Amino acid sequence: MRHPRDGDHAPPDGHTAPAPGAAPGGAPARAAAPAVSEAAEAAQALRRFDAEREERRRATNAVAGRIAVAIAALFLAFLTYDSTATAVRAHSRGDAWIYPPAVVGGVCAAGLVVLLTWGWRRRRLGM
């Protein structure tokens with residue numbers, strides 16, 4: 001079997017189709033340039049699709065984050081209210097009111113203040 005480097009460009013046994021990129025007259029075809037631009041357009045469309053998907057993902061994550069912060073703030077506010085009410089009832093009965101209920105209420109109130117401050121700062125800075 002001869003190699004194409006030997007000057008004979010005949011197809012191997014059983015193949016009758018012209019070589020890829022060869023025109024019927026023996027001159028090389030110019031179809032490679034449109035294929036390159038089609039590949040570039042496909043790559044650009046893929047990058048655009050990825051950018052749009054990333055933007056949708058960021059928007060979804062931002063909404064989910066806001067919902068999570070709102071739920072956490074509501075939960076901390078409820079715990080603060082409940083602990084304060086428990087501390088007031090315990091104090092009126094003469095029970096221990098500082099350690100369990102007042103401390104828990106203070107920690108929840110501090111957490112709520114930190115969460116609201118963090119959210120306000122992020123919103124003010126445009127993050």
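Coordinates for the structure precede this section.
Scope of this entry: the structure provided in the associated data block. (Residues numbered from 1 in each chain as written. Predicted model: local features only at pLDDT ≥ 70, side-chain atom pairs only at ≥ 80, totals over all residues. Heavy atoms only, no water.)

When you go through the protein residue by residue, the secondary structure sums to two helices and zero strands. Burial analysis of the protein (127 residues in total) assigns 9% to the buried set. Put simply, of all contacts in the protein between residues at least 6 apart along the chain, 47% involve residues at least 24 apart. (Helix = DSSP H or I, 4+ residues; strand = E, 2+ residues; numbered from the N terminus. Buried < 20%, exposed > 50% of the residue type's maximum accessible area, 1.4 Å probe, protein only. Contact = heavy atoms within 4.5 Å.)

Before going further, it helps to spend a moment on the nonpolar core. Counting residues in each nonpolar core, the largest one holds five residues, listed as A73, L76, C108, L112 and L115. Elements represented by at least two residues in this core include exactly α1 (32–93) and α2 (98–125). Per-element accounting of this core gives the leading share, three residues, to α2. (Core = buried A, V, L, I, M, F, W, Y, C linked by side-chain atoms within 4.5 Å.)

Now for a nonpolar patch on the surface. On the surface, W97, I98, Y99, V103 and V107 cluster together into a nonpolar patch covering about 530 Å² of accessible area. With relative accessibility at 64%, the residue Y99 sits in the exposed group. (Patch = residues over 30% accessible without salt bridge, like charges linked within 9 Å, V, L, I, M, F, W, Y side chains within 5 Å. Areas by Shrake-Rupley, 256 points an atom, 1.4 Å probe, with all protein chains shown as cover. Salt bridge = Lys/Arg side-chain N within 4 Å of Asp/Glu carboxyl O.)

Right, let's talk about the pattern of salt bridges for a bit. Counted by the stated rule, this structure contains four salt bridges. Shared partners join several salt bridges into a network, and the residues in it are E54, R57 and R58.

A few words on the layout of surface pockets. Where empty space is left can be seen by rolling a probe of water-molecule size over the atoms. A volume near 470 Å³ is recorded for the largest pocket. Lining the largest pocket are 13 residues, with R66, W118, G119, R122 and R123 positioned closest to its centre. Of all the secondary structure elements, the ones that give two or more residues to the lining of the largest pocket are α1 and α2. Among the elements that line the lining of the largest pocket, the one with the most residues is α2, at seven residues. (1 Å grid on protein atoms, 1.4 Å probe; cavity = no way out; pocket = protein on both sides within 12 Å on 5 of 7 lines; lining within 4 Å. Points joined across faces, edges and corners; volume = space filled by probe spheres on them.)

Time to look at the side chain of T80. One can find T80 in helix α1. Side-chain polar atoms of T80 contact the backbone oxygen of L76, separated by 2.8 Å. (Polar contact = N/O pair within 3.5 Å; in protein donor to acceptor, adjacent residues only side chain to side chain.)

Spanning 28 residues, α2 covers 38 Å between terminal C-alpha atoms, matching the ideal 40 Å at 1.5 Å per step. The complete set of buried residues in α2 reads P101, G105, C108, L112 and L115. Looking at the residues trailing α2, positive phi occurs at G126, about 75°. (Expected span 1.5 Å × (residues − 1).)

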